[in-house]
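Observations on the model geometry
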Amino acid sequence: MKRKTKFRTCIGILLFSYLVLALSGTGHAKDVSRKPRAGNPAKHSFPALGISAERKVQVAWNRFYDHVGLGAILARLHKAFPDLTKLYSIGKSSQGRDIWCLEITARNIGDPDRKPGMYIDGNIHGNEVQTGETVAYTAWYLCHQYGRLEKVTALLNDRVFYLLPTINPDGRDSWLHRGGFARSGLEPTDNDRDGLADEDDCEDLNGDGFITMMRKKDPQGRFKLHPDYPEYLMVRARADETGEYSRLGWEGIDNDGDGRINEDSRGGYDMNRNWAYDWQPNYIQYGAKDYPFSQPETRAVAEFLLAHTNIAAAQSYHNSGGMILRSPGREGGEMKSQDDRVLRLIAERGEKTLPFYRSMIIWKDLYTALGSELDWLYGGRGILSFTNELWTSKNLYKTPSSPSDEEQAEFIEYVLMGDGIIPWQEYDHPTYGRIEIGGRKKEWGRVPPSFLLEEELHRNMAFTLYHADMMPLLKISQVKIEKLTKDLFKIWVTIENQRLIPTRTAQDVAHHISSPDIVSIQGDDLQVLSSGQVTNRFFKRVQAVKRRPERVELDTINGMGAVRVQFVVEGKGKFTVTVDSAKGGSLKKSQLLP
């Protein structure tokens, strides 16, 4: 009986197990054939912090876009957000490409032309490509976050942004499509002074789609392969050691037969030395070109800025090195101490927002640069401005010091899985004979890899939005009336600036760049007898105006400060106080006389 009972128990367990497997459908063959539904994963996604769930304009921010691509992003934003944006060209490049500007503000709130303006541009140097994506990302972010984030909504209600992703579209397209140095604009330039222009540039000799470097096995050469990373690095041989290779520079040949290679590349000037402040000719400042604003690109930007007197702050993006740069570009250059203090305070926030970035003065901490855009923005226009040098190799390993060449080679090998290197290939060169062509891809070094690119865009944008938020924000905080006689009154008006940047910088005031701020009063039954700026609010001392008492001109309204104005009027009824500031906007406040 016991054997029969055990047998029946085993049979029961087997039958039960089979039944469970059958009911659950977990047969091996069936498991292999099952697949998830091939639906749209976006419908089942949840946003991480930093961007809204709804994205009207889909853009992949882990790649780079040429001039047409950037224009398409701006056009799609304009189409998706017509109540926020205005899209137009401010001029054309040397090769006829449009320099696009996307203007962003809450267009149904106030006059866009009278709001304090933030100017942002990128890519004045063609090979500094991530700068264009940073500006485009800023536009994309502002549009999508308006109405969702209180801070962005307030910014676009009170300010206007002028965003120009690339002011050197020729150089940008040249670098993206062709490679090589491609820093310059592309107006033909005779760099080697032989009467010809652009006749000896680097080129893709082996037709692999890349312009890389040339080297030649040479017992008299002074370089050898790195023992651990021969594909990635060459190192200099010791003084008492025989070398293995000579380095020959960019891929190319002697196209003009003058005994030199790649000495007359396309363009060959520096548009960031072509601005009309501290400009010096080419023999003093290399790259300066013929005269200030000789290039259509720099001239178009200058004319745009001159026409938009409401621009109170500016940001120009470059690469690389992880720097927040401010003027001046030369020792003894123009910078008022009051203005430098404001810039330093803003840059301190930038150093916290941008890990491994440093706040620096161009001439003191980097090098002398004459005729730069940054110096013209401040010196010529009185605009508080920064140049951010995007990307630092410290961000590869998130370390306070820059990684060594070996550590960078490790990053390419173990993090990028070798992407970043073109394998060396042999080639028969008409001058050098048997050589090798290869080495690092153009994307390695000055621009971040794909998975670090969006972080770079967002953090720099966040700093620039902080800078924009520090532009003047005016408020008529008090209108106080003191009755003197039946129809005679003193009216005290207090105007506050609730942000860090003054309505007119010290540079602006000293050189009369923009018009003074004006506080005026008017009414149908009002006669203004006298007025002036209050110099001591406790003793009520007033510096009276000499003429036109209905208006008081102010040099500036300081950041986080207030000014007070007194009017002595005769009359009755309603009056209106108006504050008119080129960079602080226009305000009105009406009240009744008692």
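The model shown is predicted, which means the values in this text are computed figures rather than measured ones. (Residues numbered from 1 in each chain as written. Predicted model: local features only at pLDDT ≥ 70, side-chain atom pairs only at ≥ 80, totals over all residues. Heavy atoms only, no water.)

All right, on to a negative patch on the surface then. Taken together, the side chains of Asp228, Asp405, Glu406, Glu407 and Glu410 define an acidic patch exposed on the protein surface. Secondary-structure assignment places Asp405 in helix 12 (residues 405–415). (Patch = residues over 30% accessible without salt bridge, like charges linked within 9 Å, V, L, I, M, F, W, Y side chains within 5 Å. Areas by Shrake-Rupley, 256 points an atom, 1.4 Å probe, with all protein chains shown as cover. Salt bridge = Lys/Arg side-chain N within 4 Å of Asp/Glu carboxyl O. Lys, Arg positive; Asp, Glu negative; His and termini not counted. Charge placed at Lys NZ, Arg CZ, Asp CG, Glu CD. Helix = DSSP H or I, 4+ residues; strand = E, 2+ residues; numbered from the N terminus.)

This part is about the domain arrangement of the chain. In terms of domain boundaries, the chain breaks down into domain 1 (85–175 + 270–391 + 458–469), domain 2 (189–265 + 395–440) and domain 3 (474–592). Centre-to-centre separation of domain 1 and domain 2, based on C-alpha positions: 33 Å. Counting residues at the interface gives four residues for domain 1 and seven residues for domain 2. Here domain 1 meets domain 2 over a buried area of about 400 Å², counting both sides, of which 71% is carbon and sulfur. (Domains from an automatic or database assignment. Contact = heavy atoms within 4.5 Å. Buried area = accessible area lost by both parts, 1.4 Å probe.)

Our focus in this paragraph is the nonpolar core. The biggest cluster of nonpolar side chains holds 53 residues, and the ones touching the most others in it are Trp61, Leu77, Ile104, Trp140, Phe161, Ile346 and Ile501. Apart from residues no more than four positions distant in its own chain, Leu77 is found in contact with Val57, Thr85, Leu102, Ala139, Trp140, Cys143 and His144. Judged by nonpolar contacts, the second largest core, of 25 residues, contains Tyr119, Leu164, Tyr269 and Val301. (Core = buried A, V, L, I, M, F, W, Y, C linked by side-chain atoms within 4.5 Å. Buried < 20%, exposed > 50% of the residue type's maximum accessible area, 1.4 Å probe, protein only.)

Along the polypeptide, Leu529 turns up in strand 18 (residues 526–536). Sequence-distant contacts of Leu529, defined by excluding residues within four places in its chain, comprise Leu488, Pro549, Val568, Val569 and Glu570.

A few words now on the packing of aromatic side chains. Counting across every chain of the model gives 15 aromatic pairs. Ring centres 5.4 Å apart and planes at 80° place the aromatic pair Tyr162 and Phe304 in the edge-to-face group. Highlighted residues: Tyr162 in strand 4 (residues 160–164) and Phe304 in helix 7 (residues 296–307), separated in sequence by 142 residues. Every member of this aromatic cluster is reached through a ring pair, and the members are Trp61, Tyr137, Trp140 and Tyr141. Looking at Arg215, its charged tip hangs above the ring of Trp424, at a distance of 3.7 Å from the centre. For Lys442, the ring lying beneath its charged end belongs to Trp175, and the centroid distance is 4.9 Å. (Phe/Tyr/Trp six-rings, centres within 6.5 Å; stacked < 30°, edge-to-face > 60°. Lys NZ or Arg CZ within 6 Å of the ring centre and 35° of its normal.)

Before going further, it helps to spend a moment on the sheet that holds strand 15 (residues 474–483). One open sheet accounts for five strands, arranged 15-16-21-18-19; its pairing is antiparallel. At either end of the open sheet lies a strand with only one pairing partner, and these are strand 15 and strand 19 (541–544). Taking the axes of each pair of neighbouring strands and ignoring which way they run, one obtains an average angle of 30° across the sheet. Across seven bridges, strand 18 lies against strand 21 (residues 562–571) in antiparallel orientation. Across the sheet, Val528 pairs through a bridge with Val569, a residue of strand 21. (Pairing = 2+ DSSP bridges. Axes fitted to C-alpha atoms, helices over the stretch in contact; angles between N-to-C directions.)

Attention now goes to the pattern of salt bridges. Side chains that differ in sign of charge can pair as their charged atoms come close. Across all of its chains, the model carries 32 salt bridges by this definition. Note that Asp201 is salt-bridged to Arg178, the shortest N-O span being 3.3 Å. Of this pair, Asp201 sits in the loop between helix 6 (169–177) and strand 5 (213–217) while Arg178 sits in the loop between helix 6 and strand 5, and the two are 23 residues apart along the sequence. Assessed through its relative accessible area of 32%, Arg178 is described here as partly exposed. Here Asp419 makes a salt bridge to Lys441, at a shortest N to O gap of 2.7 Å. Of this pair, Asp419 sits in the loop between helix 12 and strand 13 (421–429) while Lys441 sits in the loop between strand 14 (433–440) and helix 13 (450–469), placing them 22 residues apart in sequence. Linked by salt bridges that have partners in common, Glu128, Arg183, Asp270, Arg273 and Arg446 make up one network.

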